[in-house]
Amino acid sequence: MTYKETIAWMFAQLPMYQNQGKDALNHKLDKILQFSKHLGNPEKKFKSIHVAGTNGKGSSSHMLASILQEAGYKVGLYTSPHLKDFRERIRINGKTVSQRHVIDFVVENKSFFDHNKLSFFEMTVGMAFDYFAKKSVDIAIIEVGLGGRFDSTNIIVPEVSLITNIGLDHTDLLGDSLQKIAFEKAGVIKKNVPVVVSEYQKEPAEVFQKVAKSKHAQLVFASKTIKTLYNTALLGNYQSKNVKGVVACLAALKEFVIQASHIEAGLKNVVQNTGLLGRWQILRNHPKVVCDTAHNREGLSLVLEQVARQEFDNLHLVLGFVKDKNLSLVLPLFPENATYYFCKPNVQRGLDAMILKQEAAKFGLHGDVYHSIEKAQKAALKNAIATDFIFIGGSNFVVAEVV
């Protein structure tokens, strides 16, 4: 198979949350454990940091990788979802896994996949862990896909666990309260392994304290303990919360020498070192165009606060969501005094743009419908003057089409 054919087979044959939503989940670790055994338990052959949370886990994972790279270590990085190319999910020192490796891995294990009906997550996690083990990384940063307790990545025993924060996202899968969601995220806490929580939130904190105590895991709330301010190349004021979690996580990491200069350089060079896309990413100036992958209430709230702090004459928003998004929670966050360009991301889960327009109107948000994100972006650019501001977002899949 060619790389293109291999990726097409993966998308067509294997359940994947990106496209199918909750139907792709099985809430079990049986199959990933079975696959790991088949591969020779690669997750036991490298050290790791496990990163969970509702928002900021992607940015935090990339910051951790960048800092450890600056300190001279060979660093694996597993994140999801990808924006442009599947290979973004698996990197070593910023370089993506090769097309050849992806093809060979699928071909070598295809009979196992067919016989055991592995999910997209299980196959991809197995590929990442196998790759990191074979390439002898010093440490790998492993981002949770969804939740924590039953996520396919949760077969590792890391050096440190990091939980960024808790918000009401994927409530149909993880629970309808902060406490229930915190319990699922707390599933990454392992016996005698330190855990860092980036943001102290009262209700989730009680859950984390209880679980950490039961696992004899040292618990640190970074927002309470880290006082030093660091600058990062990742724009957006909301990154300051993620940085505190990252710094506290590195402080808990034993056997690795991390100096202040490594932290400063790593935060400064995170995009160059890791290839991170879509976090308050400036696509052009005059008019300024920014995209961001924030897609739930907490994440969008922070990003829209950042939008409000910009200087502009007129605001344009290119907006798209997925079908299972609770619009009544996120649409009230958006400003009425703006022009909207409603569009549908080009995935099965994409929400019809006309439905989005109708729902948005209930909250005083008005604009036109466009048949693609590209057309919506072009219309916004055509209508905007040099001193305007254009924001593109609402979903990872919207951003994936513009970066």
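Residues numbered from 1 in each chain as written. Predicted model: local features only at pLDDT ≥ 70, side-chain atom pairs only at ≥ 80, totals over all residues. Heavy atoms only, no water.

> Explain the packing of helix H3 (residues 30–39) against helix H5 (residues 99–116) to me, please; I cannot follow it from the model alone.
Relative placement of two packed helices is described by the angle separating their axes and the distance separating the axes. Relative orientation of the contacting elements H3 and H5 amounts to 140°, with a least axis distance of 12 Å. Taken as axis vectors, H3 and H5 run oblique relative to one another. Every pair of crossing elements has a handedness; the one defined by H3 and H5 is right-handed. Residues Lys31, Gln34, Phe35, His38 and Leu39 of H3 lie in contact with H5, whose contacting residues are Phe105, Asn109, Phe112, Phe113 and Asn116. Residues that form the contact of H3 with H5 fall into these classes: five nonpolar, four polar and one charged. (Axes fitted to C-alpha atoms, helices over the stretch in contact; angles between N-to-C directions. Helix = DSSP H or I, 4+ residues; strand = E, 2+ residues; numbered from the N terminus. Parallel < 35°, antiparallel > 145°, perpendicular 65-115°, else oblique. Left-handed = near helix turned anticlockwise from the far one by under 90°. Contact = heavy atoms within 4.5 Å. Nonpolar A, V, L, I, M, F, W, Y, C, P; charged D, E, K, R; others polar.)

> What am I meant to see in the packing of aromatic side chains here?
Where two aromatic rings form a pair, the distance of their centres and the angle of their planes describe that pair. Counted according to the given criterion, the structure contains 17 aromatic pairs. When the ring of Tyr73 is compared with that of Phe256, the centres are 4.9 Å apart and the planes differ by 65°; the resulting orientation is edge-to-face. Highlighted residues: Tyr73 in the loop between helix H4 (57–70) and strand S2 (75–78) and Phe256 in the loop between helix H11 (239–251) and helix H12 (260–268), separated in sequence by 183 residues. A relative accessible area of 18% places Tyr73 in the buried class. The exposure class assigned to Phe256 is buried, which follows from its relative accessible area of 11%. (Phe/Tyr/Trp six-rings, centres within 6.5 Å; stacked < 30°, edge-to-face > 60°. Buried < 20%, exposed > 50% of the residue type's maximum accessible area, 1.4 Å probe, protein only.)

> Quick question: what am I supposed to make of the nonpolar core here?
As a rule of thumb, soluble globular proteins bury nonpolar side chains together. Core analysis: the biggest nonpolar cluster contains 35 residues, and Met10, Phe113 and Phe132 have the highest contact counts within it. Sorting the residues of this core by element identifies helix H1 (3–13), H3, strand S3 (90–92), H5, helix H6 (120–134) and strand S5 (139–143) as the ones contributing at least two each. In terms of residues, this core owes the most to one element, H6, which gives nine residues. Beyond its immediate sequence surroundings of up to four residues, Phe113 is in contact with Trp9, Phe35, Phe105, Val106, Leu118 and Met123. (Core = buried A, V, L, I, M, F, W, Y, C linked by side-chain atoms within 4.5 Å.)

> Explain the sheet that holds strand S10 (residues 288–292) to me, please; I cannot follow it from the model alone.
Across a sheet, paired strands are connected by hydrogen bonds in the backbone, their directions being either parallel or antiparallel. Read across the sheet, six strands follow the order S9-S10-S14-S11-S12-S13 without closing on themselves; strand pairing throughout is mixed. Among the strands making up the open sheet, the edge pair consists of strand S9 (281–284) and strand S13 (367–369). Strand-to-strand, the axes of this sheet are offset by a mean angle of 20°, without reference to chain direction. When strand S11 (residues 315–319) meets strand S14 (residues 389–393), the two strands line up parallel, connected through five bridges. (Pairing = 2+ DSSP bridges.)

> I tried to follow the pairing of S10 on my own but got confused; where do I start?
Looking along a regular strand, one sees the side chains alternate between the two faces of the sheet. Here S10 lies mainly inside the structure; four of its five residues are buried. For S9 and S10, the ladder comprises three bridges, and the chain directions are antiparallel. What sits directly across from Gln281, in S10, is Cys291. In textbook terms, the turn of a hairpin is the stretch between consecutive antiparallel strands, and for S9 and S10 this stretch comprises three residues, one of which, His286, has a positive phi near 55°. In terms of strand pairing, S10 meets S14 through five bridges, oriented parallel.

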